[in-house]
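Report on the structure
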Protein chains: 2
Amino acid sequence: MSISGSKKKIIDSAQALFHRHGFQQTSLDDITRVSGVTRSNLYYHFNSKEELGLEALRERIRHYEAEVLGPTLRNTSFPPAERLSEFYRRVATYHRSQVPPAGCPFGNLAVEMCGTNDNFREMLSSFFDMWEDALESCIRQGIESGEFRGDYSPRIMAQMILSHLEGMVLMVKTHRTMEPLDSGTVMIMSLLKAT
Amino acid sequence: MSISGSKKKIIDSAQALFHRHGFQQTSLDDITRVSGVTRSNLYYHFNSKEELGLEALRERIRHYEAEVLGPTLRNTSFPPAERLSEFYRRVATYHRSQVPPAGCPFGNLAVEMCGTNDNFREMLSSFFDMWEDALESCIRQGIESGEFRGDYSPRIMAQMILSHLEGMVLMVKTHRTMEPLDSGTVMIMSLLKAT
DNA sequence: TAATTAGGACTGGGCGGTCAGTACTACTAT
DNA sequence: ATAGTAGTACTGACCGCCCAGTCCTAATTA
């Protein structure tokens with residue numbers, strides 16, 4: 001059984017609006033307006049705004065794994081350094097396409113929801129863990145292959161890279177320039193290189 | 001003439017509520033409830049919720065410079081590495097005191113407001129610049145004294161440290177554990193050390 | 001014929017913001 | 001001395017709007 005057309009439209013519109021305006025700041029009327037789907041149909045597919053929010057997040061995570069992590073960090077047909085570099089390149093391309101910069105969809109949601117809603121928090125927490133795992137594997141393989149320095153544990157480096165990335169994207173959104181992301185990624189790639 | 005008692009109460013309560021629940025998600029009634037000041041009195045002191053928000057932010061920035069940056073990063077009576085270390089220590093102490101972790105007051109606000117309100121965005125943008133300046137000076141002096149490695153420009157390192165810090169604090173909020181901040185600061189201190 | 005979509009009216013509550021008026025103090029003109 | 005004036009601090013009642021969610025009917029589609 002496949003997802004009906006309306007349901008997909010709702011989720012797509014909700015994702016875009018939640019990303020740009022936040023979950024709480026997006027009204028169901030906003031979503032019906034953008035998706036062209038009626039309010040009653042929305043409540044036919046979802047029992048509450050929270051349920052829609054969680055499903056939109058789940059779908060975004062699924063999409064991110066398939067379209068970003070899979071082809072880059074986890075793509076073992078390329079050497080680790082190239083994978084990481086390609087990952088950064090895709091991140092930059094994505095954020096360059098958002099004008100004005102809207103920040104990381106996951107980071108934004110984490111800031112907004114983690115203090116008040118445990119369902120969102122837990123989903124985001126395990127997503128960040130999974131993201132970190134992908135980075136860690138890539139780095140570990142890079143150390144083994146001699147491309148990356150081996151004096152820090154892959155886990156610690158992965159943690160650092162993920163936090164740093166989230167922070168850079170926040171700076172891009174705040175300063176409205178890609179510069180922090182561009183120079184930051186160059187620095188990390190250089191720092192990771194084996195001496 | 002000093003600020004009236006009520007105005008201070010309003011700003012203090014607003015700061016705490018904005019930090020924990022966000023600007024938009026905090027109602028003026030919430031603020032009157034916590035501060036014990038009436039709604040009409042609030043509108044006597046501030047022309048709008050936005051004006052209150054901006055003043056609360058301005059005050060927080062002032063406080064942060066005086067109570068955090070001044071005694072640590074800018075405190076030239078200590079050597080740079082010790083200053084940075086003390087800075088990290090204070091950040092950790094602050095976030096350890098918030099249960100559950102509420103994230104960075106500035107980072108949270110940036111995520112929430114930078115897409116929709118240029119007054120907030122500009123104030124936060126120049127605040128982050130100023131923060132980066134404080135880090136840069138400290139690092140530059142550390143390089144000159146030979147404590148820190150000199151193969152990256154102080155500006156780039158400062159940028160990296162600030163982004164990384166904001167990201168770590170986001171992780172602390174999401175995962176509800178101080179571990180990312182604790183191990184992340186250790187790693188940065190070690191990375192900066194001159195070889 | 002069962003799932004899906006459309007349409008619209010409605011509820012109860014929360015929201016930011018407005019307003020006319022009170023109380024108090026201090027300065028000033030007579 | 002007194003009456004008037006002005007500025008500050010504060011109050012409670014109120015307004016119109018928007019929100020998530022409900023309810024019901026009816027058409028359409030697979």
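Residue indices begin from 1 for each chain and proceed along its sequence in written order. Think of it this way: whatever chain is written first is A, whatever ligand is written first is 1, and the rest follow in order. With the structure being a predicted model, the display of local features is reserved for residues of pLDDT at least 70 and the display and counting of side-chain atom pairs for 80 or more, all residues being used for whole-chain, interface and lining totals. Excluding hydrogens and water, the side-chain figures rest on all heavy atoms present in the structure.

The subject of this paragraph is the interface of chain A and chain B. Put simply, an interface is often sized by how much accessible area is lost when its parts join up. If you look at the interface, chain A gives 40 residues, while chain B gives 40 residues. Roughly 3700 Å² is buried in total at the junction of chain A and chain B, and carbon and sulfur atoms are behind 63% of that figure. Considering only the side of chain A, the residues that lose the most area to chain B are Val111, Thr174 and Met187 of chain A, jointly responsible for 17% of the buried surface there. Put simply, a salt bridge is a Lys or Arg side-chain nitrogen that is within 4 Å of an Asp or Glu carboxyl oxygen. Inspection of the region where chain A meets chain B yields 2 salt bridges. With a shortest N-O distance of 3.8 Å, aspartate 118 of chain A and arginine 176 of chain B are connected by a salt bridge. Two residues qualify as a contact provided that any one of their heavy atoms is within 4.5 Å of a heavy atom in the partner residue. Accessible surface is computed with a 1.4 Å probe, and the buried area is the amount of it that two parts give up when combined, taken over both parts together.

Least squares is the method for superposing the copies, and the C-alpha atoms it fits come from residues with pLDDT of at least 70 in both. Mapping chain A onto chain B leaves a residual RMSD of 0.1 Å; the transformation is a rotation of 180° accompanied by 0.1 Å of translation along its axis. Expressed as a symmetry operation, the mapping of one chain copy onto the other fits a two-fold axis. Comparing interface residues between copies, 100% of those in chain A also sit at the interface in chain B, which points to an isologous, same-surface contact.

This part is about the packing of aromatic side chains. For Phe, Tyr and Trp, where Trp contributes only its six-membered ring, two rings pair if their centres lie within 6.5 Å, and the inter-plane angle classes them as stacked under 30 degrees, edge-to-face over 60, or tilted in between. Scanning the model with the defined rule gives 24 aromatic pairs over all chains in all. Where tyrosine 64 of chain B meets phenylalanine 127 of chain B, the ring centres are 5.9 Å apart and the plane angle is 80°; that geometry is what we call edge-to-face. Separated by 63 residues along the polypeptide, tyrosine 64 of chain B in helix α4 (residues 49-69) and phenylalanine 127 of chain B in helix α7 (residues 118-144) bring together distant segments of the chain. Note on accessibility: tyrosine 64 of chain B and phenylalanine 127 of chain B belong to one class, buried. What links up through ring pairs into an aromatic cluster is the set Tyr64, Phe87, Tyr88, Phe106, Phe127, Phe128 and Trp131 of chain A. Remark: a charge is flagged as sitting over a ring if the NZ atom of Lys or the CZ atom of Arg is within 6 Å of the ring centre and within 35 degrees of the ring normal. A cation over an aromatic ring shows up here: lysine 49 of chain A above the ring of phenylalanine 23 of chain A, its NZ or CZ 4.7 Å from the ring centre. The helix count covers DSSP runs of H or I at least four residues long, the strand count covers runs of E at least two residues long, and both are numbered beginning at the N terminus. Note on classification: 1.4 Å probe, protein chains only; a residue is buried when its accessible area is under 20% of the maximum for its type, exposed when over 50%, partly exposed between these limits.

Moving on, we get to the pattern of salt bridges. Residue and element names in this part refer to chain B. For the structure shown, the criterion picks out 32 salt bridges over all chains. Of the charged contacts, one joins aspartate 29 and arginine 39 as a salt bridge, the two residues approaching to 3.1 Å between their closest N and O atoms. Residue aspartate 29 is located in helix α2 (residues 28-35), and its partner arginine 39 is located in helix α3 (residues 39-45); the two are separated by 10 residues in the primary sequence. Judged by its relative accessible area of 38%, aspartate 29 is partly exposed. You can call arginine 39 partly exposed: its relative accessible area is 41%. A salt bridge links arginine 140 to glutamate 136, with the shortest nitrogen-to-oxygen separation between them at 3.3 Å.

Let's shift gears to the side chain of arginine 149 of chain B. Along the chain, the position of arginine 149 of chain B falls in the loop between α7 and α8 (154-175). Using a relative accessible area of 16% as the deciding quantity, one classes arginine 149 of chain B as buried. Think of a polar contact as two N or O atoms within 3.5 Å of one another; within protein, one of them needs to be a possible hydrogen donor and the other a possible acceptor, and neighboring residues in sequence only count if both atoms come from side chains. Side-chain polar atoms of arginine 149 of chain B contact the backbone oxygen of leucine 191 of chain B, separated by 3.0 Å. Residue contacts for arginine 149 of chain B: discarding those within four places in its chain leaves Leu191 of chain A together with Ile143, Met157, Leu191, Leu192, Lys193 and Ala194 of chain B.

A word on the domain arrangement of chain A. All names here are of chain A. Throughout the structure description, domain borders are defined by an automatic or database domain assignment. Structurally, chain A comprises domain 1 (1-46) and domain 2 (57-192). Taking only C-alpha atoms, the centre of domain 1 and the centre of domain 2 are 27 Å apart. For the domain 1 and domain 2 pair, buried surface summed over both sides reaches about 920 Å², with 49% attributable to carbon and sulfur atoms. Counting the surface domain 1 buries against domain 2, the share from its top three residues, Gln15, His19 and Arg20, is 65%. Inspection of the domain 1/domain 2 interface yields 0 salt bridges. On the surface where domain 1 and domain 2 come into contact, there are 6 residue pairs in polar contact (both at pLDDT 80 or more).

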